[in-house]
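Summary of structural features
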Amino acid sequence: MMKNIKAIAFDIDGTLYPDWHLYIRIIPFFLKNIRFFLSYNKCRKVLHRTAPLPDFFEYQARLLADEMNITVSDAHQLIQDKIYDGLKPYFKKIKPYPHIREVFDSLKKAGFKLAILSDFPPEQKGDIWGVAPKCDVILGSESCGALKPSIYPFGIMAQKLGVHCHEILYVGNSIRSDIKGAGNAGMKTAYIMPLCRRILRRPLPDADISFENYRKLLKIVLN
């Protein structure tokens, strides 16, 4: 078992499920709303570089309003309709990576605290393929006021778990947001490798653990 690790936390998008499963399904929705999505993506890039905000959602709406030349109220509504509510139905048809529930059950049984920290509202994914009830903390970074890779949401998660950052292993798929963000916060990191790295057998030097599937992650953590 990994020494000094008391909690294991997970990203959602691209970590608990293959993100391309979502991208394929939303192509018609994306094309129908392409102006919004392109503008929204520009705003999110700014937000990923922004310090913690007292009202994240208001600032996000103001950025989108400026980008699309609309009112802030309309921007709030568009984000709600196209992102928070609009994408929700697609997740009902997406399956998680194999063995996710098995891994959460085994980690819980081994005595680890479990958490989820995502840049999008976790409730957007319902019960997160059955693992939500097994978690001690479920947190959206937006509600913390800052997106990853800011260390701020990682710190809030650690506080809510009641453990120190260096006692947490954070699992993610984004090098910048998950691995470097959690690493800068003082956490250990586990990187789920994309297909190209699996084929080339190239683990990520920045991560403490690089793994191909969740049973391998479980074996590394528990051994």
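One structure accompanies this document, and this report is about it. Just so it is clear, the model here is predicted, and its values are computed rather than measured.

Glancing now at the packing of aromatic side chains. For the structure shown, the criterion picks out 14 aromatic pairs. When the ring of Phe10 is compared with that of Tyr214, the centres are 6.4 Å apart and the planes differ by 40°; the resulting orientation is tilted. Placement of Phe10 in strand β1 (residues 7-10) and of Tyr214 in helix α11 (residues 214-222) is noted, with a sequence separation of 204 residues between them. Accessibility assignment for this pair places Phe10 and Tyr214 in one class, buried. Ring geometry for Phe36 versus Phe37: centroids 5.2 Å apart, planes at 70°, classification edge-to-face. A residue is classified by how much of its surface remains accessible, and Phe37, at 6% relative accessible area, is buried. What links up through ring pairs into an aromatic cluster is the set Phe29, Phe30, Phe36, Phe37, Tyr40 and Tyr90. Arg44 extends its terminal NZ or CZ atom over the ring of Phe120, reaching a point 4.3 Å from the ring centre.

What follows deals with the packing of helix α3 (residues 34-47) against helix α5 (residues 72-84). Orientation of α3 relative to α5, taken along the N-to-C sense of each, is 100°, at an axis distance of 12 Å. Judged by the inter-axis angle, α3 sits roughly perpendicular to α5. Contacts between α3 and α5 involve Phe36, Phe37, Tyr40 and Arg44 from the first element and Leu78, Ile79, Lys82, Ile83 and Tyr84 from the second. In terms of residue class, the contact of α3 with α5 is made up of seven nonpolar, no polar and two charged.

Each value, and the rule that gives it
- Residues numbered from 1 in each chain as written.
- Predicted model: local features only at pLDDT ≥ 70, side-chain atom pairs only at ≥ 80, totals over all residues.
- Heavy atoms only, no water.
- Phe/Tyr/Trp six-rings, centres within 6.5 Å; stacked < 30°, edge-to-face > 60°.
- Helix = DSSP H or I, 4+ residues; strand = E, 2+ residues; numbered from the N terminus.
- Buried < 20%, exposed > 50% of the residue type's maximum accessible area, 1.4 Å probe, protein only.
- Lys NZ or Arg CZ within 6 Å of the ring centre and 35° of its normal.
- Axes fitted to C-alpha atoms, helices over the stretch in contact; angles between N-to-C directions.
- Parallel < 35°, antiparallel > 145°, perpendicular 65-115°, else oblique.
- Contact = heavy atoms within 4.5 Å.
- Nonpolar A, V, L, I, M, F, W, Y, C, P; charged D, E, K, R; others polar.

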